[in-house]
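Close look at the chain arrangement
Residue-level listing of the chains:
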Amino acid sequence: MTSQRNGFRKERFILSVDVGTTSIRCHVYDKETKVRGSYATEVVLLYPEPGLVEMDPNDLWKGFVTVVKGAVEDAGVQMNQIEGLGISTQRATFTTWHRTTGVPFHNFISWQDLRATELVRSWNHSCTMKAIHSVMKVLHFLSRQKRFLSASLVVFSTQHVTFRLVWALTHYKQLSQAVAEGNCCFGTIDTWLLYKLTKGRLHATDYSNASTTGLFDSFQMCWSGFLCSLVSVPLSILPKVENTGHRFGNTDPSIFGVSIPIMSVMADQQAAMFGECCFDVGDVKITMGTGTFMDINTGNKPHASIAGLYPIVGWKIGSEVAYLAEGNAADTGTAIKWAQDLELFSDVQETSAMAYSVDHSDGVCFVPSFSGLQAPLNDPRACASFMGLKPSTTKSHLVRAILESVAFRNKQLYETMLRETCIPITKIRADGGVCRNNFVMQLTADLFGRKIARPCDHEMSCLGAAFVAGLAVGFWRTREELKHLQSTDRVFLPKRAPQGDLGSGGSRGEYTHILQSWESALRRSMNWYNKP
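Residues numbered from 1 in each chain as written. Predicted model: local features only at pLDDT ≥ 70, side-chain atom pairs only at ≥ 80, totals over all residues. Heavy atoms only, no water.

Time to look at the environment of F156. Its location among the elements puts F156 in the loop between α4 (146-151) and α5 (162-171). In this structure F156 comes out as buried when scored by relative accessible area, which is 15%. When neighbours within four sequence positions are excluded, F156 is seen to be in contact with V120, W123, N124, M129, F163 and L227. (Helix = DSSP H or I, 4+ residues; strand = E, 2+ residues; numbered from the N terminus. Buried < 20%, exposed > 50% of the residue type's maximum accessible area, 1.4 Å probe, protein only. Contact = heavy atoms within 4.5 Å.)

Structural data, given as structure tokens:
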């Protein structure tokens, strides 16, 4: 896209920022989705006490402004050439601030924070929850609607905003006073950024971010009045929920020198789904980063799960609502980083070759559950473990066992997704840092029995937010155009080893007994701790 100014044509661009758990990254995209300029800065995590994880809201804001200016400068373009801004953010990390002054009452409380653990535990074992579960079972019996059966099994989690916000409301005096006076704003990172970018004119979020807070009813598409009333969270502090792709407003000209239209706000996993062009029912995206997030497009209906999949809003653009069913495994990249810290290898790039250097893991099984086990086992008391160690076990065997465990957890999530949703899979695409590991990718394809595509660009959250913003301003015209712009680094096809071949070729049959051993190790690791 170009514009005519002063007799010459000036090229236009889309700007996209991804605020992750460890970094803030900004890219300047041209019409061919080529990154013309980029800039990144580190997110400083604060640990005031064991189990508490925070971020300074003002530092985060300064980092956001820095990466935008840095990326535009790196691209060698001017701010007035930016057609629109897209924002992708980590989910369920929040703060609260004074509605008039904009001063935060406390730091961002991260999705990793455990301060509400006791609250969550007491609520999950309370008579109130037992009564709610009983009522939902009766409603399911009468209506046969699966959403009530799903609600009869639901439990609270520290990863959702709900009880971390309850904790904040009861522990910060200034916050509770502002709530009483009607001067409190609650917001996840996207809401805080919108507030700052518009100099306090906007208190809003989008459906994808709202749906991952634990306070939003994805079936009714609104904040849950019942839940907020149950846990004493006032609806008045919650932001307005807007469409994912539309003109939220403009950045104040004092920030970047010009006013830039804010055209998309998205949660990171949903943005990655859009960046992978998973627009159709049955499209699957696997993001393997710190954790693994597997999402399937379920179309215009949310999925009611009984095995721990979470129904979330992928995006709402115009009248179209796309829902996803999501399962996650918390410790994918964490396990690999832990192994590196133990000096099992020096460079992550070595791990694939190390795994292929041996024909098998020598009977060693690794259970990647530093943060418990998520769907479909849902056991917060599980421990991480190595089992089957022998004097003959080498570093390569240990590394292979760790990488195998990533693929095995992928298989568990995939089979749960197939069994629960009954939706035929149309395509599978993988992204995130761990997807660069050829061993993990190939074994995952073998175990799925399906081809898996890996993109050239691993920054899918940034690209997804850019796509939505670009469509909103007409920078790109259609989703079909986006599919044609999509680039693939490699497609991993499932291997078919000859019958009886138990070498390193890798077929589903070959791994049957290895999977059985691993599942046995998994069971032994469950319920290890007395308290989650």
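For the rest of this paragraph, the subject is the environment of G214. Relative to the helices and strands, G214 is located in the loop between α8 (207-210) and β12 (216-217). If near-sequence neighbours (up to four positions away) are discounted, G214 is found in contact with H160, T162, L227 and Y310.

Below, the discussion takes up the environment of N437. On the secondary structure map, N437 appears in the loop between β23 (427-431) and α15 (438-448). Looking at N437, the relative accessible area reads 8%, which means it is buried. Measuring from C-alpha to C-alpha, the distance between N437 and T351 comes to 7.6 Å, with 86 residues separating the pair along the chain. Apart from residues lying up to four places away in sequence, N437 is in contact with T351, S352, L403 and R454. Within the structure, the side chain of N437 is placed 3.1 Å from the backbone nitrogen of F439, a separation counted as a polar contact. (Polar contact = N/O pair within 3.5 Å; in protein donor to acceptor, adjacent residues only side chain to side chain.)

Let us look at the sheet that holds strand β7 (residues 82-89). Judged by pairing direction, the sheet is mixed, and its six strands sit side by side in the order β5-β4-β3-β7-β16-β15 without closing on themselves. Looking at strand neighbours, the two that pair on one side only are β5 (35-42) and β15 (245-250), the edges of this open sheet. Across the sheet, the mean angle separating the axes of adjacent strands is 25 degrees when strand polarity is ignored. Two elements, strand β3 (residues 13-19) and β7, share seven bridges in a ladder whose sense is parallel. Across the sheet, the residue bridging to D18 is S88, located in β7. (Pairing = 2+ DSSP bridges. Axes fitted to C-alpha atoms, helices over the stretch in contact; angles between N-to-C directions.)

Taken as a whole, this structure holds 26 aromatic pairs when the rule is applied. For the ring pair F279 and W315, a centre distance of 6.5 Å and an interplane angle of 85 degrees mean the geometry is edge-to-face. Of this pair, F279 sits in the loop between α11 (268-275) and β17 (283-288) while W315 sits in strand β19 (residues 310-317), and the two are 36 residues apart along the sequence. Note on F279: relative accessible area 9%, which makes it buried. Summarising the aromatic geometry, the rings of F475 and W476 are spaced 4.8 Å apart at their centres and angled 85 degrees between planes, so their arrangement reads as edge-to-face. The burial state of F475 is the same as that of W476; both residues are buried. Taken together, the aromatic side chains of W97, F108, W192 and Y195 make up a single cluster linked through ring pairs. Its guanidinium or amino end placed over the ring of W167, R115 lies 4.8 Å from that ring's centre, counting from NZ or CZ. (Phe/Tyr/Trp six-rings, centres within 6.5 Å; stacked < 30°, edge-to-face > 60°. Lys NZ or Arg CZ within 6 Å of the ring centre and 35° of its normal.)

Most of β17 is tucked away: six of the six residues are buried. On β17, burial covers both faces: D283, K285 and T287 on one face and V284, I286 and M288 on the other are all buried. The turn joining β17 and strand β18 (residues 292-299), which pair antiparallel and follow one another in sequence, is formed by three residues.

Our next topic: the packing of helix α2 (residues 117-124) against α5. Each pair of packed helices gets described by two things: the angle between the helix axes and the distance between those axes. Two numbers describe how α2 lies on α5: the axes approach to 9 Å, and their chain directions differ by 115 degrees. In the packing of α2 onto α5, the handedness of the crossing is right-handed. From α2, L119, V120 and W123 reach across to α5, where they touch F163, V166 and W167. (Left-handed = near helix turned anticlockwise from the far one by under 90°.)

To continue, consider the side chain of T393. Position of T393 relative to the elements: it lies in the loop between β22 (385-387) and α14 (395-421). With a relative accessible area of 18%, T393 lands in the buried category. Only 3.0 Å separates the side chain of T393 from the backbone nitrogen of K390, close enough to count as a polar contact. Excluding anything up to four places from it in sequence, T393 contacts D362, V364, G388 and L398.

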